[in-house]
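# Residue-level structural notes
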Amino acid sequence: MNSNSVSLQQEVLKEPVMAALQKHRRHSGMVVLFILLGTLWEAGARQIRYSIPEELDKGSFVGNIAHDLGLEPQELAERGVRIVSRGRSQLFTLNLRSGSLVTAGRIDREELCAQTAPCLVSFNILIEDKLNLYPIEVEIVDINDNTPRFFREELEVKILENAVPPSRFPLMEVYDLDVGMNSLQGFRLSENSHFSVDVRSDANRPKYPELVLERALDREGEAIHHLVLTAVDGGDPVRSGTARILVIVLDANDNAPVFTQPVYRVSVPENLPVGTPVLSVNATDQDEGVHAEVTYSFLRGTEKISKIFCLNVSTGEIATSANLDYEDSSFYELDVEARDRPGLVDRAKVLITILDVNDNVPEVVVTSGSRSVAESTPPGTVIALFQVYDRDSGLNGLVTCSISRSLPFELEKSVDNYYQLVTNTVLDREQISLYNITITATDKGIPPLSTETLIYLNVADINDNPPAFSKSSYSVYIPENNPRGASIFSVTASDPDSQENARVTYSLSEDTLQGASLSSYVSINSDTGILYALHSFDYEQFRDLQLSVT
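Residues numbered from 1 in each chain as written. Predicted model: local features only at pLDDT ≥ 70, side-chain atom pairs only at ≥ 80, totals over all residues. Heavy atoms only, no water.

### Details of the overall build of the chain
When helices and strands are tallied, the chain shows 4 helices and 43 strands. Burial statistics for the chain: of 550 residues in total, 41% are counted as buried. Nonlocal contacts in the chain, meaning residues at least 24 apart in sequence, comprise 66% of its contacts between residues at least 6 apart. (Helix = DSSP H or I, 4+ residues; strand = E, 2+ residues; numbered from the N terminus. Buried < 20%, exposed > 50% of the residue type's maximum accessible area, 1.4 Å probe, protein only. Contact = heavy atoms within 4.5 Å.)

### Some details on the environment of Phe 309
Relative to the helices and strands, Phe 309 is located in strand β25 (residues 309–311). Given a relative accessible area of 2%, Phe 309 falls into the buried group. Note: C-alpha distance between Phe 309 and Gly 275 (34 residues apart in sequence) is 8.9 Å. Leave out the neighbours within four places in its chain, and Phe 309 touches Val 278, Phe 298, Ile 318, Ala 319, Thr 320, Ser 321, Leu 324, Tyr 332, Leu 334 and Ile 352.

### Quick word on the nonpolar core
Formed by 26 residues in total, the largest nonpolar core has its most connected members in Ile 65, Phe 92, Leu 101, Phe 123, Ile 125, Ile 136 and Val 138. Elements with a minimum of two residues in this core: β4 (47–53), α1 (65–68), β6 (81–84), β7 (92–95), β9 (119–127) and β10 (132–141). It is β9 that contributes the most residues to this core, 5 residues altogether. Formed by 25 residues, the second largest nonpolar core is a distinct cluster that contains Phe 259, Tyr 264, Val 268 and Val 281. (Core = buried A, V, L, I, M, F, W, Y, C linked by side-chain atoms within 4.5 Å.)

### Some remarks on a nonpolar patch on the surface
Taken together, Phe 469, Tyr 474, Val 476 and Ile 478 make up a surface patch of nonpolar side chains, about 290 Å² in accessible area. Checked against the element boundaries, Tyr 474 lands in the loop between β37 (468–469) and β38 (487–490). (Patch = residues over 30% accessible without salt bridge, like charges linked within 9 Å, V, L, I, M, F, W, Y side chains within 5 Å. Areas by Shrake-Rupley, 256 points an atom, 1.4 Å probe, with all protein chains shown as cover. Salt bridge = Lys/Arg side-chain N within 4 Å of Asp/Glu carboxyl O.)

### Brief notes about the sheet that holds strand β43 (residues 530–533)
In spatial order, the strands read β38-β43-β42; together these 3 strands make up an open sheet with antiparallel pairing. Looking at which strands have only one partner, the edges of the open sheet turn out to be β38 and β42 (522–524). Across the sheet, the mean angle separating the axes of adjacent strands is 25 degrees when strand polarity is ignored. Here β42 pairs with β43 via 3 bridges, running antiparallel. Paired with Val 522 across the strands is Ala 533, a residue of β43. (Pairing = 2+ DSSP bridges. Axes fitted to C-alpha atoms, helices over the stretch in contact; angles between N-to-C directions.)

### Section: the packing of aromatic side chains
Scanning the model with the defined rule gives 11 aromatic pairs in all. Ring plane angle 80 degrees and centroid distance 6.4 Å describe the contact between Phe 259 and Tyr 264, whose orientation is recorded as edge-to-face. A single burial state applies to Phe 259 and to Tyr 264, both of which are buried. Judged by centre distance (5.6 Å) and plane angle (55 degrees), the ring pair of Tyr 474 and Phe 489 falls under tilted. Of this pair, Tyr 474 sits in the loop between β37 and β38 while Phe 489 sits in strand β38; the two residues are 15 residues apart in sequence, bridging distant segments of the chain. Looking at Tyr 474, the relative accessible area reads 31%, which means it is partly exposed. Through a chain of ring-to-ring contacts, three or more aromatic side chains come together here, namely Phe 259, Tyr 264 and Tyr 296. Of note, Lys 413 hangs over the ring of Tyr 419, and the distance from its end group to the ring centre comes to 5.4 Å. (Phe/Tyr/Trp six-rings, centres within 6.5 Å; stacked < 30°, edge-to-face > 60°. Lys NZ or Arg CZ within 6 Å of the ring centre and 35° of its normal.)

### Regarding the environment of Glu 222
Looking at where Glu 222 falls in the secondary structure, it is placed in the loop between β17 (209–213) and β18 (224–233). Distance from Glu 222 to Ile 248, taken between C-alpha atoms, is 9.1 Å for residues 26 residues apart in sequence. Engagement of the side chain of Glu 222 in a polar contact is seen with the side chain of His 225, the distance being 3.4 Å. (Polar contact = N/O pair within 3.5 Å; in protein donor to acceptor, adjacent residues only side chain to side chain.)

### A few points about the confidence of the model for the chain
Looking at the chain, pLDDT values average 85 and 89% of them are 70 or higher. Residue range residues 1–45 is modelled with pLDDT below 50. Its contacts to residues more than four positions away, or to other chains, number 89 contacts. (pLDDT = per-residue confidence, 0-100.)

### Observations regarding unusual backbone geometry
A cis amide bond links Ala 117 to the next residue, Pro 118, at an omega of -5 degrees. By the element assignment, Pro 118 lies in the loop between α3 (109–113) and β9. Cis rather than trans, the peptide bond between Pro 165 and Pro 166 has omega equal to 0 degrees. Notably, Leu 131 is not glycine yet its phi reads approximately 55 degrees, a positive angle. Tracing the chain through its elements places Leu 131 in the loop between β9 and β10. A positive phi angle, near 50 degrees, is found at Asp 416, a position not held by glycine. Inspection of the secondary structure puts Asp 416 in the loop between β33 (409–413) and β34 (418–423). Its relative accessible area of 45% is what places Asp 416 among the partly exposed residues.

Spelled out as structure tokens, the structure:
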């Protein structure tokens, strides 16, 4: 087991075993017929997992895929082993010389999975010659390559001089793209005589540091306090980021704005028109005059949120400013701040859930298959392997596949969203030589959406039909004293097979007439079946001549 391999679960290898060679001799045509039966295909199923750290160089070793598939390295190329995946760009590739799975480029875990842990990449390995699929899962492990960062390098905090210890004042959010111990772990505040820093423990909220008043303020004594806040992670070595805090001591404005609720929740469909109001937040201030005038703003002005939602600074109404797409993002978390004129603030969270609408048509991707199949192919032979995919979710993304029941084929479910197209009876080229197979993929949305994919399949001929004459016997009358070499009759046999299997040759049986070989009296053109007289016949010598044509 290589160092990166995590687990190899339930290895099941089923080598396709079916071959038949039938020899048939037909005496009437003296034809030797060989029938080669096709090979049944069965999908193997096993789960292979690897684990690698992020940011490895291109071509770095991931796992010995040849060993884990039970193959030798040279068999990867010989058996057409390749990676099949859909959607994102290919992150891994196969080293056909060493039999290893390697990175196709440098992988950034944060770009790939953001804050999701564990970060898993799934794809399939296809062994082309047997049409076997094996699910692969690679975990991308975080390294401490990101420093905690504040959304602003400097923050101005206004505090009333009559604030009572231990009053708490929210500061700006800090983000660290790493996860686990490599992510943000705590804060330090520069030495001072009035403040400390603390973080409220809430698993559902990001880590907002809060400035805690430890000692009463005196604006007349010190109107401005200069502080430095440091955010540290738990990596090795530790990374840290800093921000400057400017505390301005205000004359008394003894009421801060208060939101009507700490968390606002709303669900909207993804096809909501641009400009439609989503909800309104509301904060009230019990002060009077300018101290009660409240304005609203997004606390985290990320580029994505600012493109999709807009906030009315006066009314608190949140509306869409771009089209929503459930497949792009199904959930948004917004932080809104209410601030009065002197600078007192309150914060609330807005949770927006995007509901899926059945707006994506299923897709059918043919991974591998044959364009031609012999008519001797036995039932159960795999003709094609394809995958169905729908970007919608739930019932909108649940896809079923079907083909016409009048066709001699059926669909069988394979791993993931893969299907096999297999024969369910013996084919006969003489009946139908070409099939146009329409695969219909339909989701379960309301109304359902569907797509069709056409597969053309030629039925290849085998020599399974003997030549046949239109009659079993013919009677021909010719006058005596005929000229030598004259054509006396023509026979024709037909064969429903095609090309070489349908090309007919003719010959006479080796009989005798009055002690002489029959071939000395009559000859036959082996290609056309035309009979020629080699003698001038004498009625008094013999009156009838019986020939057997093969």
